[in-house]
There are 2 protein chains.
Amino acid sequence: MIKSIVLIGSGNVATRLGMALKHSGFKIIQVYSPDIKHANMLARKLRAKSCTILNDIYTEADLYLIAIKDDAIKSVAQQLRTKVSGKIVAHTSGSVSIDILKGVSKNTGVFYPLQTFSKDREIDIKKVPFCIEANNKKTEKLLFELACSISTNVNRINSEQRNVLHVAAVFACNFSNHLFSISEKILKDRKISFDMLKPLIHETVHKIDSHSPAEMQTGPAKRKDKNTINAHLEFLKTNPEYQKIYALLSNSIENSL
Amino acid sequence: MIKSIVLIGSGNVATRLGMALKHSGFKIIQVYSPDIKHANMLARKLRAKSCTILNDIYTEADLYLIAIKDDAIKSVAQQLRTKVSGKIVAHTSGSVSIDILKGVSKNTGVFYPLQTFSKDREIDIKKVPFCIEANNKKTEKLLFELACSISTNVNRINSEQRNVLHVAAVFACNFSNHLFSISEKILKDRKISFDMLKPLIHETVHKIDSHSPAEMQTGPAKRKDKNTINAHLEFLKTNPEYQKIYALLSNSIENSL
């Protein structure tokens, strides 16, 4: 059973996971960050010790949870190698394969919360989908149980599936947020408040709780309303980029009908 | 003051507006629809009379509210012409100019609820932004007051601004919904449930209540993470359309930084 945890990282994910795990009774014994301020700040919150050098990492924890930037995982994991060989080493990244931890320990895994974490927004961690993967059944079981102690939405997801989820999340979240930005920009340029659209955006999203988005598609492209589409393209002619996005997405909607 | 209303139309918008107005104490005296079943069904709900021929429209109402498909407004309005000359005639469309009602009556206007209405979803009409426009101050005031009796979010919006809102709404709602569909499709093809992404989508949208979406942008394009972008484009190679959308939107995000 996992009881004690060393947290590698001090950013949003490390903070949210550390707090949730502590709250569920796990002992965070140490926080590592190369930045002494960050290490101390999170360590204080978690009543843990802090360290800024990987060589000072405690060797007695059950789990080493690596919650740092994707491109730093490999190097940090390799530095842990000799210290944690029998323990569980897991990273929290959505897009990095479990293979990056190969050889670091006998027991490796992924403990990925599929959510966007911001400093100034509280999130109900119980509803966050966790994606669990491990290099052996025992480790998978332990990480799965750990996730179940803080969330009601825990899933076995291998690296390939995690990659698919990541691509899909880019469409559903990063790109839709960018469309909100474009929409805000179009309104701002004519001194109209983006607030006007928020009820409509909220309703668009609430609908997908109970319906497939494909079934709920509305708008000029769905109605094949060429007059409106052409009028909108004409309106957008001062911004070729927006015009191109409008044409491509309208076309894609028509192709999907 | 507007007291009695004839409702032209029996679809989602006519139904929601009719119910809300009745609930606020206005008298819907008649419902018109060419389809006798639809006319009767809504009339029953509103305790109104029904009619299926424009010639049978009562002439004594204060307001004739036209809530029908965009391309039918002109013809229906012209048929009302001789019967309603002193009364207020308003349509509920987002993309049709007020000018379409020119000559139909001395008093014309637009009474546009900026929301998407579905048959099987209740909506809190109080939060729906109403866009009001009229061809004279008195009519504007009367329509404004009417909207205020059912919503707390009432705005004076001319036809040009309404058009801008409509373009912006296509980006923010129709297109983002289509991205949700693409996302669902990508997951479905690999037997992963779209439910996995819903908490993330909800959080993406909740963030815009308190922050500008431009400030909240995240993801590979925002991080200029070429490795991930290229891996995703490679993953999407079997679907050139999705690949094109991914490339164009990633590019647009990078251009906006």
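Conventions we followed
Each chain has its residues counted from 1, following the order in which its sequence is written. Key to labels: chains lettered from A, ligands numbered from 1, both in the order written. Owing to the predicted nature of the model, reporting of local features is limited to residues with pLDDT of at least 70; listing and counting of side-chain atom pairs is limited to 80 or more, with chain, interface and lining totals taken over all residues. With hydrogens and water excluded, all non-hydrogen atoms of the structure serve as input to the side-chain values. Helix and strand definitions here come from DSSP, where helices need a minimum of 4 consecutive H or I residues and strands a minimum of 2 consecutive E residues; each element is numbered from the N-terminal end. Relative accessibility decides the category of a residue: with a 1.4 Å probe and only protein chains considered, values under 20% of the type maximum give buried, values over 50% give exposed, and everything between is partly exposed. Note on contacts: a residue pair qualifies if any of its non-hydrogen atoms lie within 4.5 Å across the two residues. Positive: Lys, Arg. Negative: Asp, Glu. His and the chain ends are not part of the count. Taken as the charge centre is NZ of Lys, CZ of Arg, CG of Asp or CD of Glu, depending on the residue. Strands are treated as partners if at least two bridges between them are detected by DSSP. For the least-squares superposition of copies, only C-alpha atoms count, and only for residues with pLDDT at least 70 in both. Note on terminology: disulfide denotes any pair of cysteine sulfur atoms within 2.5 Å. The convention used is that axes are lines fitted to C-alpha atoms, helices contributing only their stretch in contact, and that angles between N-to-C directions extend from 0 to 180 degrees. Think of a salt bridge as a Lys or Arg side-chain nitrogen and an Asp or Glu carboxyl oxygen that are within 4 Å of each other. The score called pLDDT rates the predictor's confidence residue by residue, from a low of 0 to a high of 100. Here the nonpolar group is Ala, Val, Leu, Ile, Met, Phe, Trp, Tyr, Cys and Pro; Asp, Glu, Lys and Arg are the charged ones; every other residue, Gly included, is treated as polar. Take the buried Ala, Val, Leu, Ile, Met, Phe, Trp, Tyr and Cys residues and link them wherever side-chain atoms come within 4.5 Å; each set so joined is a nonpolar core. Expected span of a helix, by definition, is 1.5 Å for each gap between consecutive residues, and there is one gap fewer than residues. The angle separating two fitted axes, one through the seven residues that finish at a residue and one through the seven that start at it, defines the bend at that residue. Any pair of N or O atoms that falls within 3.5 Å is considered a polar contact. Within protein, one atom must be able to donate a hydrogen and the other to accept it, and sequence-neighbouring residues count only if both atoms are side-chain atoms. By definition in this entry, angles of less than 35 degrees are roughly parallel, angles greater than 145 are roughly antiparallel, angles of 65 to 115 are roughly perpendicular, and the rest are oblique. For any helix crossing, the convention is left-handed if the near helix is rotated counterclockwise from the far helix by under a right angle, and right-handed if that rotation is clockwise.

On to the overall build of chain A. Of the regular secondary structure elements, chain A holds 8 helices and 8 strands. Within chain A, buried positions represent 58% of all 257 residues. Residue pairs at least 24 apart in sequence account for 55% of intrachain contacts in chain A once pairs closer than 6 positions are excluded. For chain A, the centre of its 37 positive side-chain charges and the centre of its 24 negative side-chain charges are spaced 5 Å apart.

What follows is about the pairing of strand β6 (residues 107-113) of chain B. All names here are of chain B. Summarising burial for β6: 7 of the 7 residues are buried, a large majority. With 5 bridges joining them, β6 and strand β7 (residues 130-134) adopt antiparallel strand pairing. Residue pairing in the sheet places Tyr 112 in a bridge with Cys 131 of β7.

Before going further, it helps to spend a moment on the relation of the copies chain B and chain A. By a simple turn and slide, chain B fits onto chain A: the slide is 0.0 Å along the axis, the RMSD is 0.0 Å, and the turn is 180°. With respect to symmetry, the two chain copies, as superposed, fit the operation of a two-fold axis. Within chain B, the C-alpha atom positioned nearest to the axis of rotation is that of Ser 176 of chain B, 2.4 Å from it. The share of interface residues of chain B whose copies in chain A are also at the interface is 100%, consistent with both copies meeting through the same surface.

Residues and elements named next belong to chain A. According to the stated counting rule, one finds 0 disulfides over all chains in the structure shown. Note on Cys 173: no disulfide assigned, nearest cysteine sulfur contributed by Cys 131 at a separation of 13 Å. With a relative accessible area of 4%, Cys 173 lands in the buried category.

So, about the sheet that holds strand β2 (residues 27-32) of chain B. Through backbone hydrogen bonds, the strands of a sheet pair up, either in parallel or in antiparallel fashion. Residues and elements named next belong to chain B. Read from one edge of the open sheet, 8 strands run β3-β2-β1-β4-β5-β6-β7-β8, paired in mixed fashion. At either end of the open sheet lies a strand with only one pairing partner, and these are β3 (49-51) and β8 (154-156). Neighbour-to-neighbour, the strand axes of the sheet open up by a mean angle of 25°, direction not taken into account. Summarising the sheet, strand β5 (residues 88-91) and β6 pair through 4 bridges and their orientation is parallel. Within β6, the residue paired with Ala 90 across the bridge is Gly 109. Lying on the sheet, helix α4 (residues 137-148) is in contact with β1 (4-8), β4 (63-66), β5, β6, β7 and β8; it crosses β7 at an angle near 165°. In this fold helix α5 (residues 159-189) packs onto β5, β6, β7 and β8, with an angle of close to 155° to the strand it touches most, β7.

Counted under the stated rule, the structure contains 20 salt bridges over all chains. Here Asp 189 of chain A ties to Lys 185 of chain A by a salt bridge, and the two come within 3.1 Å at their closest N and O atoms. Of this pair, Asp 189 of chain A and Lys 185 of chain A both sit in helix α5 (residues 159-189), 4 residues apart, roughly one helical turn. On the basis of relative accessibility, which here comes to 39%, the residue Lys 185 of chain A falls in the partly exposed class. For Lys 226 of chain B, the salt bridge goes to Glu 254 of chain B, with nearest N and O atoms at 3.3 Å. Of this pair, Lys 226 of chain B sits in helix α7 (residues 226-235) while Glu 254 of chain B sits in helix α8 (residues 240-256), and the two are 28 residues apart along the sequence. Salt bridges linked by common partners bring Lys 137, Glu 140 and Arg 156 of chain A together as one network.

When pLDDT is averaged along chain A, the result is 94, and 100% of the positions lie at 70 or above. Predicted complex, confidence summary: ipTM 0.89, pTM 0.88.

So, about the interface of chain B and chain A. Between chain B and chain A, the residue contacts involve 80 residues of the former and 80 residues of the latter. Linking chain B with chain A are 0 salt bridges, by the criterion used here. Among the elements of the structure, α5, α6 (198-210), α7 and α8 of chain B are those that each provide at least two residues to the side of chain B that touches chain A. Of all the elements, α5 of chain B adds the most residues to the side of chain B that touches chain A, at 25 residues. Considering only residue class, the side of chain B that touches chain A consists of 41 nonpolar, 28 polar and 11 charged.

Before going further, it helps to spend a moment on unusual backbone geometry. The phi angle at Lys 224 of chain A is positive, at roughly 55°, despite the residue not being glycine. Mapped onto the secondary structure, Lys 224 of chain A falls in the loop between α6 (198-210) and α7 (226-235). Of note, the phi angle at Arg 47 of chain B is positive, near 50°, even though the residue is not glycine. With respect to the element layout, Arg 47 of chain B can be found in the loop between α2 (36-46) and β3. On the basis of relative accessible area, Arg 47 of chain B is assigned to the exposed category, the value being 71%.

Phe 171, Ile 186 and Leu 197 of chain A together with Phe 171, Ile 186 and Leu 197 of chain B are the most contacted members of the largest nonpolar core, which totals 80 residues. Once residues within four sequence positions are removed from consideration, Leu 197 of chain A is found in contact with Ser 183 and Leu 187 of chain A together with Leu 114, Leu 165, Ala 168, Ala 169 and Ala 172 of chain B.

In this section: α5 of chain A. Residue and element names in this part refer to chain A. With 31 residues, α5 extends 43 Å between its outermost C-alpha atoms, agreeing within 8% with the 45 Å of an ideal straight helix rising 1.5 Å per residue. Taking the largest bend as the criterion, α5 deviates by roughly 35°, centred on Val 170. Looking at where α5 begins, the residue whose side-chain oxygen comes 3.1 Å from the main-chain nitrogen of Glu 160 is Asn 158. Lys 191 lies just past α5 and shows a positive phi near 55°.

Another point: the packing of α5 of chain A against α8 of chain B. To describe two helices that pack against each other, one gives the angle between their axes and the distance between the axes. Axis separation between α5 of chain A and α8 of chain B bottoms out at 10 Å; the angle between their running directions is 50°. When the axes of α5 of chain A and α8 of chain B are compared, the pair comes out oblique. In the crossing of α5 of chain A with α8 of chain B, the sense of the turn from one axis to the other is left-handed. Where α5 of chain A abuts α8 of chain B, its residues Val 170, Phe 171, Asn 174, Phe 175, His 178, Leu 179 and Ile 182 of chain A lie against Tyr 242, Ile 245, Tyr 246, Leu 249, Ser 250, Ser 252, Ile 253 and Ser 256 of chain B. Broken down by class, the residue content of the contact of α5 of chain A with α8 of chain B amounts to 10 nonpolar, 5 polar and no charged.

Turning next to the sheet that holds strand β5 (residues 88-91) of chain A. Residue and element names in this part refer to chain A. Taking strand neighbours across the sheet as the criterion, the 8 strands line up as β3-β2-β1-β4-β5-β6-β7-β8 in an open arrangement whose pairing is mixed. The open sheet is flanked by β3 (49-51) and β8 (154-156), the only strands paired with a single partner. Sheet twist, expressed as the average angle between the axes of neighbouring strands with direction ignored, equals 25°. Where strand β7 (residues 130-134) meets β8, 3 bridges bridge the pair, whose relative direction is parallel. Within the sheet, the bridge partner assigned to Ile 132 lies in β8 and is Arg 156.

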